[in-house]
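Each chain, letter by letter, is given below.
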Amino acid sequence: MNSFNFYSPTYFAFGRDAENRVGALVARFGGTKVLIHYGGGSVVRSGLLDRVKASLDAEGIDHVELGGVMPNPRSGLVYKGIELARRENVDYILALGGGSAIDSSKAIAAGTVYDGDFWDFYSGKPIERALPVGTVLTIAAAGSEGSGDSVITNENGMFKRGASGDAIRPEFSILNPALTQTLPPYQTACGITDILAHLYERYLTNTPEVEVTDRLIEALMLTMIHEGPRVIEDPDNYEARANIMWAGMMAHNNSCGVGRSQDWNSHNIEHELSALYDCAHGAGLAVTMPAVFSYVMHHDVMRFAQVAVRVWGCPMDFSHPEATARSGIEAFRRFLTAIGMPKTLGELGGREEDIPRLVDALCNGDGRPGSISGFVTLNEQDCANIYRMML
Ligand code: NZQ
Ligand code: ZN
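This structure is a prediction, so every number in the text was calculated from the model and none was measured.

Novice: Any details on the site of ligand 1? Residues and values, ideally.
Specialist: Taken together, the neighbourhood of ligand 1 is formed by 31 residues, with Gly40, Ser42, Gly99, Ser100 and His198 sitting nearest. Residue Thr138 places a side-chain N or O atom 2.8 Å away from a nitrogen atom belonging to ligand 1. For ligand 1, whose accessible area on its own is 960 Å², the fraction buried by protein is 89%. Those elements that provide at least two residues to the shell around ligand 1 are α5 (99–112), β6 (149–154), α6 (185–203) and α9 (265–277). Here the residues of the shell around ligand 1 sort into eight nonpolar, 19 polar and four charged. There are two domains that each give the shell around ligand 1 at least three residues, and those are domain 1 (11–179) and domain 2 (184–390).

Structure (structure tokens):
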């Protein structure tokens, strides 16, 4: 196991009606003027926005609001949010929604207290200071409620990049599984896929002897495989939603990733798809992961065989471990199809003639060195082959 530092101070308030505590939590963490930031309207329709405002009012906390965050959040609204936060002397950013509203909030939080262009953070500059961020989560997926990461699409070229720093880890996150009951089945399935992706990206490691995190990841994957189909069948199942919601947080606050190298090639390959086609991140991952796994499997067949046996219940073929590895990837693909995820690039709006553009943005965009690296290093030719496998 590698040496590591792990600092994850987010306060979680989990359970029914937990959103009514938002005013008390902002007050507890010292916020006096809040920017409420949210998406395209689900929080208005569900009444969550009104309940949050009432809770802030009850504590005498002033607030302004900025809606309109799109899935795959854009840089343009971040600039608007920074300007608003400065003009209104905001000292606390409160995200209502999923990864998109939370990531846009994190970008505003970092950009408001930074003299330069906030995009510097998405070109590799670590985030050291930010306004505090709180969240009320409405979809179990991205794990941004507990992570020190934010992903934004730059409209100037439509490429999607991530930024990181402990300063943007939410100070508190409110998780009420009942809030996720209004999700359309497709979005629920996208979330399940993303959570499994966060687990796979950590499972695919080159660090030996990381049994404790291997076993944690396997437990969370098994939970998702059990609860995913239950919640697709019965969207009002609070208990299944609760297990998925907490698994989604644990999958991505990095408690499963410490002390080991991680992959993230599938995420990088997918981010170009959601940037270009504006597809849901989870749907893009459903198409990307089986292709990537099949392509890189021979780098460490036993790792793929291990997850096949321990998680997907495949029998171990000692004479042909690659057959076991392959059956694990196939079981994963069947699971994704069963919960309603797409199988091909075409289903996301992708076209073969876009592949050179996707590869260029992926491998060379924003100063990248002509390749991406993770579990294995993939050059432009590898990435083109992988995109072609998805057609
Ligand atoms: O915008 P509204 O109207 O709120 O609708 C949203 C949106 O259309 C809807 N929705 C959310 N909660 C709902 C609901 N509809 C009905 N009822 C509810 N309770 O769902 C749609 C998707 O929302 P979004 O926030 O985009 O989903 P998600 O949480 O999957 O976030 C995706 C974004 O997170 C990034 C992705 O790249 C993508 O941009 N990621 C962020 C990460 C991080 N910060 O650590 C890691 C992830 O790997 C991921 O890359
Ligand atoms: Zn993800």
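Novice: Describe α6, and please don't skip the residues or the numbers.
Specialist: Across its 19 residues, α6 extends 27 Å between first and last C-alpha, which sits within 8% of the 27 Å expected from 1.5 Å per residue. Counting buried positions along α6 gives 16 out of 19 residues, so the element sits mostly inside the fold.

Novice: Mind laying out the coordination of the zinc ion (ligand 2), listing which residues take part and the relevant values?
Specialist: Taken together, the protein donors to the zinc ion (ligand 2) comprise Asp194 (OD), His198 (NE2), His267 (NE2) and His281 (NE2), at separations of 2.0 to 2.2 Å. Sequence spacing of the donor residues for the zinc ion (ligand 2), all on one chain, is D-x3-H-x68-H-x13-H. Of this pair, Asp194 sits in helix α6 while His267 is found in helix α9, placing the two residues 73 residues apart along the sequence. Judged by its relative accessible area of 3%, Asp194 falls in the buried class.

Novice: Can you break down the sheet that holds strand β3 (residues 62–66) residue by residue, with the values?
Specialist: Ordered by their spatial adjacency, six strands build an open sheet running β1-β8-β5-β4-β2-β3, and the pairing between neighbours is parallel. The open sheet has two edge strands with one neighbour each: β1 (11–14) and β3. With direction set aside, neighbouring strand axes in the sheet form an average angle of 20°. Strand direction decides the pairing type here: strand β5 (residues 133–137) and strand β8 (residues 172–175), joined by four bridges, are parallel. In the sheet register, Gly134 faces β8, and the bridge partner there is Phe172. Here helix α4 (residues 75–87) sits on the sheet in contact with β2 (33–38) and β3, set at roughly 160° to β3.

Novice: Which residues make up the pairing of β2, and what values do they have?
Specialist: A large share of β2 lies buried, amounting to six of its six residues. What you see with β2 is no split at all: Lys33, Leu35 and His37 on one side and Val34, Ile36 and Tyr38 on the other are buried throughout. Inspection of the sheet shows β2 paired to β3 by five bridges, in the parallel sense. Note on β3: the bridge partner recorded for His37 is Leu66. In this sheet, strand β4 (residues 92–97) lies alongside β2 in parallel orientation, the contact comprising five bridges. In the sheet register, Ile36 faces β4, and the bridge partner there is Leu94.

Novice: Summarise the pattern of salt bridges; cite the residues concerned and give the values.
Specialist: Taken as a whole, this structure holds 19 salt bridges when the rule is applied. Residue Arg260 is joined to Asp214 by a salt bridge in which the shortest nitrogen-to-oxygen separation is 2.9 Å. Placement of Arg260 in the loop between α8 (238–252) and α9 and of Asp214 in helix α7 (residues 211–233) is noted, with a sequence separation of 46 residues between them. Overall, the relative accessible area of 3% leaves Asp214 in the buried class. The partner of Glu218 in a salt bridge is Arg310, and the shortest N-O contact between them spans 2.8 Å. Within this pair, whereas Glu218 is found in helix α7, its partner Arg310 is found in helix α11 (residues 301–310), the two being separated by 92 residues in sequence. Overall, the relative accessible area of 3% leaves Glu218 in the buried class. One salt-bridge network, in which partners are shared between bridges, spans Glu211, Arg215, Glu218 and Arg310.

Thresholds applied
- Residues numbered from 1 in each chain as written.
- Chains lettered and ligands numbered in written order.
- Predicted model: local features only at pLDDT ≥ 70, side-chain atom pairs only at ≥ 80, totals over all residues.
- Heavy atoms only, no water.
- Near = heavy atom within 4 Å.
- Polar contact = N/O pair within 3.5 Å; in protein donor to acceptor, adjacent residues only side chain to side chain.
- Areas by Shrake-Rupley, 256 points an atom, 1.4 Å probe, with all protein chains shown as cover.
- Helix = DSSP H or I, 4+ residues; strand = E, 2+ residues; numbered from the N terminus.
- Nonpolar A, V, L, I, M, F, W, Y, C, P; charged D, E, K, R; others polar.
- Domains from an automatic or database assignment.
- Expected span 1.5 Å × (residues − 1).
- Buried < 20%, exposed > 50% of the residue type's maximum accessible area, 1.4 Å probe, protein only.
- Donors = N, O, S within 2.8 Å, 3.2 Å for Na, K, Ca; no water.
- Pairing = 2+ DSSP bridges.
- Axes fitted to C-alpha atoms, helices over the stretch in contact; angles between N-to-C directions.
- Contact = heavy atoms within 4.5 Å.
- Salt bridge = Lys/Arg side-chain N within 4 Å of Asp/Glu carboxyl O.

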